[in-house]
Amino acid sequence: MTVSAARLPAHGTRGGGPGLALGVVGLGLFGVVCGVGLAVGELEALVASLTVLACFAVLADFRIGAVLLLVMLPVEGSYLFPHSVFGVTGLNPLNLVLAATLFSYLIRGHGLKTFLPKPLAWLFVVPIVIAGFIGSRHVDEVFPYFYEVEVIHFTDALGYLRDVLLKPMLTVVAALIIAQAVMKSKKVENFLVPFIVAVWVMSVMAIGYVVAEGVSLGALALTSSRTFFSALGMHANDLGRLYAVAYALLLFTWGETQDARLKTILLLTMGVLTMALLFTFSRGAFVGWVGVNVLFLVWKFNARTLGLAFLAGGVGVLLMPGAVIGRMSLGLVGGGDVNEFSAGRVEEIWLPLLPELFNSPIWGNGLDSTMWAKALWAEMMLPVTHPHNAYMQAILDMGVLGMGLLLAYYWHVYRTCRDLGSNANLSPTMRGFYQGAVAGLLCFIVTGFAGSSLRPTPEFAFLWIAIGMMYGQLGRRPTT
């Protein structure tokens, strides 16, 4: 990694004053309301009360909202997170806190002129918006099966734009709010606390669910158990990718930080996170996890790191459950073929979709265009809304031009995080965090061959949090 010549100040602006104090008091009332809500047994009333109090606290200082968003973003994709208040669609804690935080940010005179960075706007947001409007013309062509199984919840162009375009983009808005909070806070390292909290919540959620269901590792490893975690609102592969990126950020931060207490907390967090990742039995996540560790060993190569790697590897081999080895070798032993290894993707999804790539190869067929593919209507492929390959999805939906722009944006993220990861003006802790963002981004790029999307998705919430912190760190540079 090369050392950037850009100089960053040791800390940003102070802020808050009486407003911040009021925000802290407002958050303190959460405990009281929780007790009242639980006493009367009205869960929805409890959720509504907590959301209202959070919004009041956010109005005192928008940075409180940024912290809440940082914790909620990874959890929002699961069913454990309330997705409505009193049954009103779209009226959920995340959207309300997001709106209140943005309002609080604006009423304090913070403008929108520098809110949306130009690379993010022109390389990412604009192409996706254009593809969204192209896709809105095809709503009547959606394969009816998806309505029958309630995979989708829209019936017109407006609903399509709401669910397919607007909702995912809220992740980007939340990341930009986090960026502004980082920019205007005294110490960036403080944002690692809610980050670690979010990792614990998502990890304990999966581990607790497995324990509660009493499922064995052998059963989890079966191909028929791929939908086991769907009861939590996320597929096992999605959870695995979420954990793999979070692991990258934690590992490199652990490797660089000189804070012994933080180092211990990070080590414990990585242990719990790795257990949760193991329970997903996602081969893509396993590959991502191994890849992150290899990158760490290569980038941090020295006698100490090599010794720790051999020690950890030896212990891992001894303790590795046979179910994990069996899952990783699926399709590679016993006369399996490439279709078996790909879990049916090649013959039942990718090959039938190939002709669709040539319908509109330059600008694509619109977001989530797999839903109206001719191969679906001809019953030549599995009834899926996603091609299970991020790059095939990008070409189908946005064409070669759109995919090129998205990849150009991620190249921008890679170069920026790489420079921050070697910037001597940052603390070792934050240098490690941005090095982890580079590793997490590479994990994202590699695992995209087996699923996910180049657009904002819940399983890459931690990556978008890192992108938000990246822009916030850049904004702390002094003007010259």
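Residues numbered from 1 in each chain as written. Predicted model: local features only at pLDDT ≥ 70, side-chain atom pairs only at ≥ 80, totals over all residues. Heavy atoms only, no water.

## Quick notes on the overall build of the protein chain
Here's step 1: A count of helices and strands for the protein chain gives 20 helices and 2 strands.
Here's step 2: Looking at the 480 residues of the protein chain, the share that counts as buried comes to 51%.
Here's step 3: Counting only carbon and sulfur atoms, one obtains 69% of the accessible surface of the protein chain, whose full area is about 21,700 Å². (Helix = DSSP H or I, 4+ residues; strand = E, 2+ residues; numbered from the N terminus. Buried < 20%, exposed > 50% of the residue type's maximum accessible area, 1.4 Å probe, protein only. Areas by Shrake-Rupley, 256 points an atom, 1.4 Å probe, with all protein chains shown as cover.)

## Quick look at unusual backbone geometry
Here's step 1: Despite not being glycine, Phe281 shows a phi value in the positive range, around 50°.
Here's step 2: By secondary structure assignment, the location of Phe281 is in the loop between helix H11 (260–280) and helix H12 (283–299).
Here's step 3: We note that Asp368 has phi near 55°; this positive angle belongs to a residue other than glycine.
Here's step 4: Mapped onto the elements of the fold, Asp368 is located in the loop between helix H16 (345–353) and helix H17 (374–377).

## Looking at a nonpolar patch on the surface
Here's step 1: Residues Val290, Val294, Val298 and Trp299 make up a contiguous nonpolar surface patch of roughly 350 Å² in combined accessible area.
Here's step 2: The topology assignment puts Trp299 in helix H12. (Patch = residues over 30% accessible without salt bridge, like charges linked within 9 Å, V, L, I, M, F, W, Y side chains within 5 Å. Salt bridge = Lys/Arg side-chain N within 4 Å of Asp/Glu carboxyl O.)

## Here's the deal with the confidence of the model for the protein chain
Here's step 1: Summarising the model, the protein chain shows a mean pLDDT of 84, and 79% of its residues fall at 70 or more.
Here's step 2: pLDDT under 50 marks residues 1–7. Its contacts with residues more than four places away, or in other chains, come to 19 contacts.
Here's step 3: Low confidence marks residues 9–41, where pLDDT is under 50. Its contacts with residues over four positions away, or in another chain, come to 47 contacts. (pLDDT = per-residue confidence, 0-100. Contact = heavy atoms within 4.5 Å.)

## A short note on the packing of aromatic side chains
Here's step 1: A full pass over the atoms with the stated rule returns 27 aromatic pairs.
Here's step 2: Pairing Tyr105 with Phe115 gives two aromatic rings, centres 5.7 Å apart and planes at 50°, and the pair type is tilted. Placement of Tyr105 in helix H4 (residues 93–107) and of Phe115 in the loop between H4 and helix H5 (118–135) is noted, with a sequence separation of 10 residues between them.
Here's step 3: Counting every residue linked through ring pairs, the aromatic cluster contains Phe124, Tyr409, Tyr410, Phe444, Phe460 and Trp464.
Here's step 4: A cation over a ring is seen here: Lys263 above Trp254, with NZ or CZ 5.0 Å from the ring centre. (Phe/Tyr/Trp six-rings, centres within 6.5 Å; stacked < 30°, edge-to-face > 60°. Lys NZ or Arg CZ within 6 Å of the ring centre and 35° of its normal.)

## Points about the pattern of salt bridges
Here's step 1: Tallied over the entire structure, the rule returns 7 salt bridges.
Here's step 2: Among the salt bridges present, the one from Arg455 reaches Asp368, with a minimum N-O distance of 3.0 Å. Linking Arg455 in the loop between helix H19 (428–447) and helix H20 (461–475) with Asp368 in the loop between H16 and H17, this pair joins segments that are 87 residues apart in sequence.
Here's step 3: Assessed through its relative accessible area of 17%, Asp368 is described here as buried.
Here's step 4: Here Arg455 and Asp397 are joined by a salt bridge, their closest N and O atoms 3.1 Å apart. Of this pair, Arg455 sits in the loop between H19 and H20 while Asp397 sits in helix H18 (residues 390–420), placing them 58 residues apart in sequence.
Here's step 5: Residue class for Asp397 comes out buried when judged on its relative accessible area of 0%.
Here's step 6: One continuous salt-bridge network, built from bridges that share partners, spans Asp368, Asp397 and Arg455.

## Some points on the side chain of Ser282
Here's step 1: You can see Ser282 is positioned in the loop between H11 and H12.
Here's step 2: For Ser282, a relative accessible area of 1% gives the class buried.
Here's step 3: The contacts of Ser282, once residues within four sequence positions are left out, are Arg226, Ala236, Asn237 and Gly240.

## A look at the packing of helix H10 (residues 236–256) against H12
Here's step 1: Their axes nearest at 8 Å, the elements H10 and H12 cross at an angle of 15°. Relative to H12, the element H10 lies roughly parallel. Taken as a pair, H10 and H12 cross one another with a handedness that is right-handed. Together, Gly240, Arg241, Ala244, Tyr247, Ala248, Leu251, Phe252, Trp254 and Gly255 of H10 and Ala285, Trp289, Val292, Asn293, Leu295, Phe296 and Trp299 of H12 make up the contact between the two elements.
Here's step 2: Taken together, the residues of the contact of H10 with H12 break down into 12 nonpolar, 3 polar and 1 charged. (Axes fitted to C-alpha atoms, helices over the stretch in contact; angles between N-to-C directions. Parallel < 35°, antiparallel > 145°, perpendicular 65-115°, else oblique. Left-handed = near helix turned anticlockwise from the far one by under 90°. Nonpolar A, V, L, I, M, F, W, Y, C, P; charged D, E, K, R; others polar.)

## What to know about the nonpolar core
Here's step 1: Formed by 136 residues in total, the largest nonpolar core has its most connected members in Phe124, Phe229, Phe462 and Met469.
Here's step 2: Leaving out residues up to four positions away in the same chain, Met469 has contacts with Ile178, Val182, Val188, Phe191, Met430, Phe433 and Tyr434. (Core = buried A, V, L, I, M, F, W, Y, C linked by side-chain atoms within 4.5 Å.)

## As for H18
Here's step 1: Relative to the 45 Å expected for 31 residues at 1.5 Å per residue, H18 spans just 27 Å between its end C-alpha atoms, considerably shorter than the ideal helical length.
Here's step 2: For H18, the principal kink sits at Met398 and spans about 120°.
Here's step 3: Near the N-terminus of H18, the side chain that reaches the backbone nitrogen of Tyr391, with its oxygen 2.9 Å away, is that of Asn389. (Expected span 1.5 Å × (residues − 1). Bend = angle between axes of the 7 residues up to and from the residue. Polar contact = N/O pair within 3.5 Å; in protein donor to acceptor, adjacent residues only side chain to side chain.)

## What to know about the packing of helix H3 (residues 62–75) against helix H7 (residues 157–183)
Here's step 1: In contact at an axis separation of 9 Å, H3 and H7 are set at 135° when each is read in the N-to-C sense. Judged on the interaxial angle alone, H7 and H3 are oblique. At the point where H3 passes H7, the crossing takes the left-handed sense. Contacts from Phe62, Arg63, Ala66, Leu69, Leu70 and Leu73 in H3 reach Thr171, Ala174, Ile177, Ile178, Gln180 and Ala181 in H7.
Here's step 2: Along the lines of polarity and charge, the residues of the contact of H3 with H7 split into 9 nonpolar, 2 polar and 1 charged.

## What about the environment of Ala248?
Here's step 1: Mapped onto the secondary structure, Ala248 falls in helix H10.
Here's step 2: Ala248 sits in the buried class, given a relative accessible area of 0%.
Here's step 3: Dropping the residues within four chain positions of it, Ala248 is found in contact with Val292, Gly436, Ala439 and Gly440.

## Concerning the side chain of Ser369
Here's step 1: In this fold, Ser369 is placed in the loop between H16 and H17.
Here's step 2: Side-chain polar atoms of Ser369 contact the backbone oxygen of Leu396, separated by 3.4 Å.
Here's step 3: Not counting residues within four places of it along the chain, the set of residues in contact with Ser369 comprises Leu396 and Asp397.

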